[in-house]
Amino acid sequence: MEKIIEGERGVEEAMEVDDSTVMKGVRHLCENVGITRVPSKYIFPVSDRPQIMSSAQKPKIKLPVIDIGELLSEDRTRVLETLDQACKEYGFFQVVNHGIDGVVIQRMIDSGKQFFELPFEERSRYLTTDTSSPVRYGTSFSEINDEVFCWRDFLKLTCHSLDTILPLWPSAPIGFRDDAILYSKKTRTLFLVLIAAVLEALGVGAGNCESSMKEFEEGSHLLVLNCYPACPEPELTLGMPSHSDYGFLTLVLQDEVEGLQVLHAGDWITADPVPGSFVVNVGDHLEIYSNGRYQSVLHRVVANASESRMSVASLHSVAFDSMVSPAAGLVDDGDAGKRRLYKDTGFADFIAYLSTSVPKSKSFLESRRLTM
Ligand SMILES: O=C(O)CCC(=O)C(=O)O
């Protein structure tokens, strides 16, 4: 069926492409079909479309910055306060001075870009709609559930435990595996530094902190390489629609092209690409664990008219077969201020929900809230 688009150019017919082409991803579409307009499959309803703004029109708010060097210094208490505020007010912050060598970061970006530049036949060896596959190349969010596809291809790599999973990771391009291994190890270490600080900022207590840290050390870790090709009509589509992440913390590495936007006080604010830094966000599991003190925040990615963009998201949580519950130190039924706000929830239930729905809102997390 033809879709009619209402936009600045008035009413006109959208371009159609067949489903089998769409399933091969946006890069394949751009390389092989030679599009000059966004096909109807990628056109979002008017209410979900981004407003493309000039730099002067954009909200001027910047995400809070956490300097890891300062966190590990005698200034720790002050940095923990900033971290606490950032997690409460924004659910997002930028991390700088984290100690991961710039070469490790650049190699991950370069290798990731080279992976998406491989011939489709090579990339498609990993193409699957099976969300439980430890290595998965795909497009949009969920090829099965998405009515409208987003302007994004991805490679998902399960990282834990590395020894068993590694033989399944792509062996091309040359160096990709080594670069991704080193990057996954470094980001895992950084996650452990960050989450230890978060537990301290939350004041969960030494005993709870110790047992939670043991769980994180054996926890799940997923790397998602996102590729957003340049888009002829970025005002009609999205690189990723509004969503929250399921885990405790996500560490996002962006290349130099902006695109990530965070919903803050009703405005979409752009997470400026700061070379060598990570954008970190609170996930749904941390919202439950913190008993709602920290909240996972909706974010999205806008497409770019002239440049292709790449990001690498590193998602961390407890093990897949674990339960996620409010931390014992933060709930007390005898204290109105510490009333338990969330039900215990199996990680597997989150995954099951994500594989059957379009995660545009925080509806699953809302369903886990305890009513008065
Ligand atoms: O591409 C980005 O900057 C963000 C990616 C993202 O939101 C995600 O992987 O959940």
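What you see is a predicted model; the values in this text were computed from it and never measured. (Residues numbered from 1 in each chain as written. Predicted model: local features only at pLDDT ≥ 70, side-chain atom pairs only at ≥ 80, totals over all residues.)

**What to know about the site of the ligand**
Argument step 1. Every residue near the ligand is listed here: Val224, Asn226, Met240, Asp245, Val252, Gln254, Gly259, Leu260, His299, Val301, Ser311 and Ala313.
Argument step 2. Looking at the shell around the ligand, the elements that each hand over two or more residues are β7 (220-228), β9 (249-254), β13 (299-301) and β14 (309-317). (Near = placed C-beta within 6 Å. Helix = DSSP H or I, 4+ residues; strand = E, 2+ residues; numbered from the N terminus.)

**Considerations on the sheet that holds β7**
Argument step 1. The strand order across the open sheet formed by 8 strands is β3-β4-β12-β9-β14-β7-β6-β5, and the pairing between neighbours is mixed. If you trace the sheet from one side to the other, it starts and ends with β3 (65-67) and β5 (135-139), each paired once. With direction set aside, neighbouring strand axes in the sheet form an average angle of 25°.
Argument step 2. Of the strand pairs in this sheet, strand β4 (residues 92-96) and strand β12 (residues 278-282) are connected by 4 bridges, and their pairing is antiparallel. The residue of β12 that forms the bridge with phenylalanine 93 is valine 280.
Argument step 3. The strands touched by helix α5 (residues 102-117) are β6 (153-158), β7, β9 and β14; relative to β14, the strand with the most contacts, the crossing angle is about 115°.
Argument step 4. The strands touched by helix α8 (residues 176-202) within the sheet are β6, β7, β9, β12 and β14, with β9 carrying the most contacts at an inclination of about 130°. (Pairing = 2+ DSSP bridges. Axes fitted to C-alpha atoms, helices over the stretch in contact; angles between N-to-C directions. Contact = placed C-beta atoms within 7 Å.)

**As for the environment of arginine 49**
Argument step 1. Residue position: arginine 49 is located in the loop between α2 (26-32) and β3.
Argument step 2. Owing to 16 C-beta atoms within 10 Å, arginine 49 belongs among the partly exposed residues under this scheme.
Argument step 3. In this structure the C-alpha to C-alpha distance between arginine 49 and cysteine 30, which are 19 residues apart in sequence, comes to 21 Å.
Argument step 4. If we ignore the near neighbours within four places in the chain, the residues touching arginine 49 are Phe44, Glu235 and Leu236. (Buried ≥ 20, exposed ≤ 12 C-beta atoms within 10 Å, placed from the backbone.)

**Section: the sheet that holds strand β8 (residues 240-243)**
Argument step 1. If you walk across this open sheet you meet the 4 strands as β8-β13-β10-β11, and the pairing is antiparallel. Looking along the sheet, the strands with just one partner apiece sit at the ends: β8 and β11 (267-270). Adjacent strand axes in the sheet meet at a mean angle of 25° when their direction is disregarded.
Argument step 2. One ladder, built from 3 bridges, connects strand β10 (residues 260-264) with β13; its direction is antiparallel. When the bridges of β13 are listed, glutamine 261 appears paired with arginine 300.

**Describing the environment of histidine 299**
Argument step 1. Inspection of the secondary structure puts histidine 299 in strand β13.
Argument step 2. Residues histidine 299 and valine 252, spaced 47 residues apart in sequence, show a C-alpha to C-alpha distance of 12 Å.
Argument step 3. Beyond its immediate sequence surroundings of up to four residues, histidine 299 is in contact with Leu260, Gln261, Val262, Leu263 and Asn281.

**Points about the UniProt feature "domain: Fe2OG dioxygenase" (unreviewed entry) in the chain**
Argument step 1. The UniProt record marks residues 218-318 with the feature "domain: Fe2OG dioxygenase" (unreviewed entry), using the residue numbering of this structure.
Argument step 2. Split by type, residues 218-318 is 6% helix and 45% strand. Its first and last C-alpha atoms lie 7 Å apart. (UniProt positions renumbered as here; feature names shortened; annotations may be inferred.)

**Regarding the packing of α8 against helix α9 (residues 206-217)**
Argument step 1. Interaxial distance between α8 and α9 falls to 11 Å at its minimum, and their mutual angle equals 155°. Overall, the two elements α8 and α9 adopt an arrangement that is roughly antiparallel. Here α8 runs over α9; the crossing is right-handed. Side by side, α8 and α9 meet where Leu192, Ile195, Ala196, Leu199 and Glu200 of the first sit next to Cys209, Ser212, Met213, Phe216 and Glu217 of the second. (Parallel < 35°, antiparallel > 145°, perpendicular 65-115°, else oblique. Left-handed = near helix turned anticlockwise from the far one by under 90°.)

**Some details on helix α4 (residues 76-89)**
Argument step 1. Between its first and last C-alpha, α4 extends 20 Å over 14 residues, near the 20 Å set by a 1.5 Å rise per residue.
Argument step 2. Regarding α4, the residues found buried are Leu83, Ala86 and Cys87. Each buried residue of α4 sits inside an arc of 95° when the element is viewed along its axis, so together they form one side. Across α4 from its buried face, at more than 90 degrees, point the exposed residues Thr77, Arg78 and Glu81.
Argument step 3. Against the buried residues of α4 lie β3, β4, α8 and β12.
Argument step 4. Of the residues flanking the end of α4, it is glycine 91, one or two places downstream, whose phi is positive at about 70°. (Expected span 1.5 Å × (residues − 1). Arc of directions from axis to C-beta.)

**A look at unusual backbone geometry**
Argument step 1. The peptide bond linking histidine 160 to serine 161 adopts the cis configuration, its omega dihedral lying at -5°.
Argument step 2. Secondary-structure assignment places serine 161 in the loop between β6 and α7 (162-165).
Argument step 3. Following alanine 172, the chain continues into proline 173 via a peptide bond in cis, with omega recorded as 0°.
Argument step 4. Within the secondary structure layout, proline 173 lies in the loop between α7 and α8.
Argument step 5. In this model, alanine 265 sits at a positive phi of 50°, which is unusual for a non-glycine residue.
Argument step 6. Of note, alanine 265 is situated in the loop between β10 and β11.
Argument step 7. In the Ramachandran plot, asparagine 291 falls in the positive-phi region, its phi being about 55° despite a non-glycine side chain.
Argument step 8. Considering the arrangement of structural elements, one finds asparagine 291 in the loop between α10 (284-289) and β13.
Argument step 9. Here asparagine 291 falls in the partly exposed class, since 19 other C-beta atoms lie within 10 Å of it.

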